[in-house]
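# Structure at a glance
What follows is each chain in one-letter form.
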Amino acid sequence: MTARTHPFQRKANLASFQERVVFWSLRAFTYIILLFGVCIFSIIIIKGAPTVFDSFRVTGSFPFISNDFLFTKPQTLHVFKYKGEIKQMAADDYYAFVGQTPAPPPAEIPTTPPAPAPDANAAPSGVAPVAPVAPAPPAIPVPILTTTGINPDDITEHETYSYAAGGIWPQIVGTVLLVIGSMTVALILGIFSAVYLSEYSKQGPFISAIRLAIVNLAGVPSIVFGLFGFGIFVLAFGWNVSLMAGWFTLAFMILPVIITASEESLRAVPQGFRQGSLALGATKWQTIWQNVLPYALPGILTSSVLGIARVAGETAPILFTAAYATSDKLPWEITITPDRLSSGALGYLEYPFLWIHDFVFHGVNALPYHIYVVSSKIPQNEYTERVQYGTAFVFLGVVMTIALASILLRTRLRNRLKW
Amino acid sequence: MPTPVHSSSYSNGPAAEQIGKIRETLLLMASLTDRNLSLALRSLVERDDKLSDAVEAEDSQLDELEVSLDELVINHMATHAPVATDCRFMLVASKISSNLERIGDQAVSIARRARELNKEPLLKPLIDIPRMAQIAAGMLRDSISALIDRKAEMAQEIIRRDKEVDAINKQLARELTSFMLEDPSTITRALNLTLVARSLERIADHCKNIAEEVYYLYQARDIRHERKA
Amino acid sequence: MSTSPTTIMDETTPTAQSVEVVMNPASPALDKSSRFNAPTIIDIDNVDFYYGQSKALHGINFPIKEKLVTAFIGPSGCGKSTLLRCLNRMNDLVDGTRIGAGSIKISGVDIYDPSVDVIELRKRVGMVFQKSNPFPKSIYENIVYGLRLQGINQKARLDETVERSLRGAALWDEVRDRLHTSALGLSGGQQQRLCIARAIAVEPEIILMDEPCSALDPIATVKVEELIHQLKQNYTIVIVTHNMQQAGRCSDITAFFYMGRLIEIDTTEKIFTNPSQRQTEDYISGRFG
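All values reported here derive from a predicted model rather than from experimental measurement. (Residues numbered from 1 in each chain as written. Chains lettered and ligands numbered in written order. Predicted model: local features only at pLDDT ≥ 70, side-chain atom pairs only at ≥ 80, totals over all residues. Heavy atoms only, no water.)

### Focus on the overall build of chain B
Along its length, chain B carries 6 helices and 0 strands. Along chain B, helices (α) and strands (β) appear in the sequence α-α-α-α-α-α when read from the amino end. Out of the 229 residues belonging to chain B, those deemed buried represent 51%. By element, 53% of the accessible surface of chain B is carried by carbon and sulfur atoms, the whole surface being about 10,900 Å². (Helix = DSSP H or I, 4+ residues; strand = E, 2+ residues; numbered from the N terminus. Buried < 20%, exposed > 50% of the residue type's maximum accessible area, 1.4 Å probe, protein only. Areas by Shrake-Rupley, 256 points an atom, 1.4 Å probe, with all protein chains shown as cover.)

So this is what it looks like as structure tokens:
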């Protein structure tokens, strides 16, 4: 009896073998990439999450819960042996423990450590254990005791690690401010130039050259943008290291992406909307403002999400333009002394302007920069890991939150303006 | 109440307007023909030459209507490419108008014969001719109302009446021939009467054609030349 | 004739002479009926039109009569849409287009004169497009868009316009209960009628329609055609169509274009029953194009 054969019988041949090999290799590559991603994320989450979640603390007043890692400033970690026992303390706790008069905090130091800048006003760190102070029975030579009755000679092997204690509140604030500000600047500039390029300009070799130049800008390394910002905004414009300089530097870095994406979105708006509007006697600007831009906006926002992640993640452009490793004041902690106001009653009207001026020309900290500092500028050991991974974890969270917010905004817009 | 005569599938708009115009023209022709036919018969029966003149005068109007109806039909066909009932209506309207026009011509011919006959006394009392005329006029009216009221069955019934007219015509011809054989002086009058009868017979034929067209319009079946029974 | 349709193209390529004959404004059929003695509203006078270097229209010369429906027919690329878009200067939006010679006068004013405000022109010469293009707003906002552009915002005035325009476009009864819902919820035919309503809301004198039914099903097409028939009571309508039957059904005057030239213009009945040009007959009989 012959085997059941038919014209479509499956046969082993080279093509089907090749097909199978290709399928499995493609699949393997994809899953290897996925595996790496999972590894990176899980290390950050496993090592970073405890830093954040262990720092929750119930407080006596509203909002009854606080997180020392998220909402306090960084401090120097003091590690020392006290009577043979290893102790870790944040700077505040250390000085409270030993009872010395803390050294006056140095002024803002824009450079990198070693520059411990303990802030006397910071909240006490949760890391510090309350020292069980047994009244030391004085022995042979009477040592000079500190105000808290501690013999400095009992403290041995004293080491300090900058930023390894306390929290990262200024960095979070700085990142959020940089993202919001630079996205605003980039969207305004980007949309306006995209509108010009795709709606107003006469298409020709000149405009094509401009477009090509813009696209190529996207390939410029971010450190070059940092130098550009430093040269133009910090030095030439005299903005110093400030939020403003950071905003514009970052904005210029992502402008190519925004312009290209905005042009795409504008092109995606049906031509009929423009013609219909023009045929009803609308001017070009009326048409664009009322009948093109609203429908392009969701698309523009979608692509800006990418820009957000990039703005939040870049270290190089803000290295010279906006970031301090440490700053004793948040941007809104501004005091305007009366002598800066003009004399007379009108002088008080200047107050808001001065406030805004000081705000935007204030340098900030930022999460990516902080990660860079804590992981490359201070010694690496078991005491510093906590802040490194904690910061990375928070950073991921911040970027995701901002991206999520813009995705929600986009969805809302799109639902309202569907065509 | 259904719309009289075929009404377009278009509710309004130019197509409905044009079809309406064709319908109006057709009905106008029908009523004019009907009037001319009865005037012609009255001129014969009442021996009134004035009525004969009226028939001849009004026939030109009928001719003009036929021409303008054909123009309307071809314009509508060219510009609207009618299909289905609309399409049949175009063909049928043109044919009916042509039949009506010929009925009008026969009425004119009757009126002319009547004028001749009125010059001399009657050959014999008019019995058969009014009967034929009654049937033929009835056929015309009925076929038009079959068109207006969309009654295809009525059309079939009209077709049967044509045989009656034919029979009377044959019988009358025989009778008049015998008159002529007996007395040659009656030849002119008898011939004229024969011609009147023949005209009436033709009119009945045209009415039959109209009825067949009406049947075709509403049933989409051609019943011409189906004489089996 | 029907056996050799391919020969039509070369032997009837328009010559200046043949064009001259039909462009004579004293066409007997045009003058025959008093219906066509309406005053001229658009006077197209020997217009040459260029896309960059290529000449798209060659010496187009004919009048468009007031409150009649004029249809432009012809095969694709014959220049009929180009000419239509010249009438409200929508061609200005395309780079490199220009009128090389001649003029277009609307109510006696040359619309390509530098003193003409194209915005005012487009208010008077409305346009309906091939693809219905309601804005993704409510039905109400679609209609009042043109008024709002002019700065009219009184509610009573807007309400009144919405009702008048929708009634004018035979759409009022269908949408009166959902004026504030999205216009995109309407069917294709309703959307196109909404676009017509939107165009008549700004009270133009002339409405240009660029293949308004090409995306519609037959029922919706009939509705739009009936609407065109009603609208000619109050508006002059110029319609471009590649559906010859549509031109037959809803126009009073038909102009046939071929290769950028006007081949024949006459009453629609004349064009469709007895065109004087061989090319016209071939085209309307479906033998080319």
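### Quick look at the pattern of salt bridges
Residues and elements named next belong to chain B. Counted according to the given criterion, the structure contains 34 salt bridges over all chains. Measuring nitrogen to oxygen at the nearest pair gives 3.5 Å for the salt bridge that ties Glu120 to Arg189. Of this pair, Glu120 sits in the loop between helix 3 (84-117) and helix 4 (128-149) while Arg189 sits in helix 6 (residues 187-219), and the two are 69 residues apart along the sequence. Overall, Glu120 belongs to the partly exposed group, its relative accessible area being 31%. Judged by relative accessible area, which is 13%, Arg189 ranks as buried. Asp128 is the partner of Arg131 in a salt bridge, and the nearest nitrogen-oxygen pair spans 3.9 Å. Of the two residues, Arg131 and Asp128 both sit in helix 4, 3 residues apart, roughly one turn of that helix. (Salt bridge = Lys/Arg side-chain N within 4 Å of Asp/Glu carboxyl O.)

### Description of the nonpolar core
The tendency in soluble globular proteins is for nonpolar side chains to be buried side by side. Within the largest apolar cluster, 79 residues are counted, with the highest numbers of intra-cluster contacts made by Leu178, Ile318 and Val394 of chain A. Excluding anything up to four places from it in sequence, Ile318 of chain A contacts Leu178, Leu250, Ala323, Ala366 and Tyr369 of chain A. By size, the runner-up hydrophobic cluster in this structure holds 66 residues, among which are Val73, Met90, Ala111 and Ala133 of chain B. (Core = buried A, V, L, I, M, F, W, Y, C linked by side-chain atoms within 4.5 Å. Contact = heavy atoms within 4.5 Å.)

### With respect to the pairing of strand 8 (residues 236-240) of chain C
Residues and elements named next belong to chain C. Burial within strand 8 is extensive, with 5 of its 5 residues counted as buried. Every second residue of strand 8 is oriented toward a common face, with Thr236, Val238 and Val240 on one face and Ile237 and Ile239 on the other, all of them buried. Judged from the 4 bridges that link them, strand 3 (residues 69-73) and strand 8 form a sheet pairing that is parallel. Bridged to Phe72 within strand 8 is Val240. Where strand 7 (residues 206-210) lies against strand 8, 5 bridges are found, and the strand directions are parallel. Paired with Leu208 across the two strands is Val238, which belongs to strand 8. The β-α-β motif built from strand 7, the intervening helix 10 (residues 218-231) and the parallel element strand 8 has right-handed crossover chirality. (Pairing = 2+ DSSP bridges. Right-handed = clockwise from strand over helix to strand, strands pointing away.)

### Focus: the pairing of strand 1 (residues 40-51) of chain C
Residue and element names in this part refer to chain C. Across 8 bridges, strand 1 lies against strand 2 (residues 54-65) in antiparallel orientation. Pairing of Tyr50 across the sheet is with Lys55, part of strand 2. Between the end of strand 1 and the start of strand 2, which pair antiparallel, lie 2 residues, with Gly52 showing a positive phi angle near 60°. Sheet analysis places strand 1 next to strand 4 (residues 97-106), joined by 8 bridges and oriented antiparallel. Across the sheet, the residue bridging to Ile44 is Ile104, located in strand 4.

### A short note on the sheet that holds strand 2 of chain C
All names here are of chain C. If you trace the 4 strands from one edge of the open sheet to the other, you get 2-1-4-5, paired in antiparallel fashion. One side of each edge strand has no neighbouring strand; the edge strands of this open sheet are strand 2 and strand 5 (109-110). Note: strand 4 against strand 5, 2 bridges, orientation antiparallel. Counted as the bridge partner of Ile106 is Val109 from strand 5.

### Details of the layout of surface pockets
Quantified by volume, the second largest pocket comes out at close to 570 Å³. Lining the second largest pocket are 28 residues, and of these Ser198, Glu199, Gln271 and Lys284 of chain A together with Leu93 of chain C lie nearest its centre. For the lining of the second largest pocket, the residue count by class is 12 nonpolar, 7 polar and 9 charged. (1 Å grid on protein atoms, 1.4 Å probe; cavity = no way out; pocket = protein on both sides within 12 Å on 5 of 7 lines; lining within 4 Å. Points joined across faces, edges and corners; volume = space filled by probe spheres on them. Nonpolar A, V, L, I, M, F, W, Y, C, P; charged D, E, K, R; others polar.)

### A word on the environment of Gly138 of chain B
Residues and elements named next belong to chain B. Considering the arrangement of structural elements, one finds Gly138 in helix 4. Judged by its relative accessible area of 18%, Gly138 is buried. Between the C-alpha atom of Gly138 and that of Asp34, which follows or precedes it by 104 residues, the distance is 9.6 Å.

### Let's talk about the side chain of Thr241 of chain C
Following the sequence through the fold, Thr241 of chain C ends up in the loop between strand 8 and helix 11 (244-250). At 2.9 Å, the side chain of Thr241 of chain C and the side chain of Gln246 of chain C are in polar contact. (Polar contact = N/O pair within 3.5 Å; in protein donor to acceptor, adjacent residues only side chain to side chain.)

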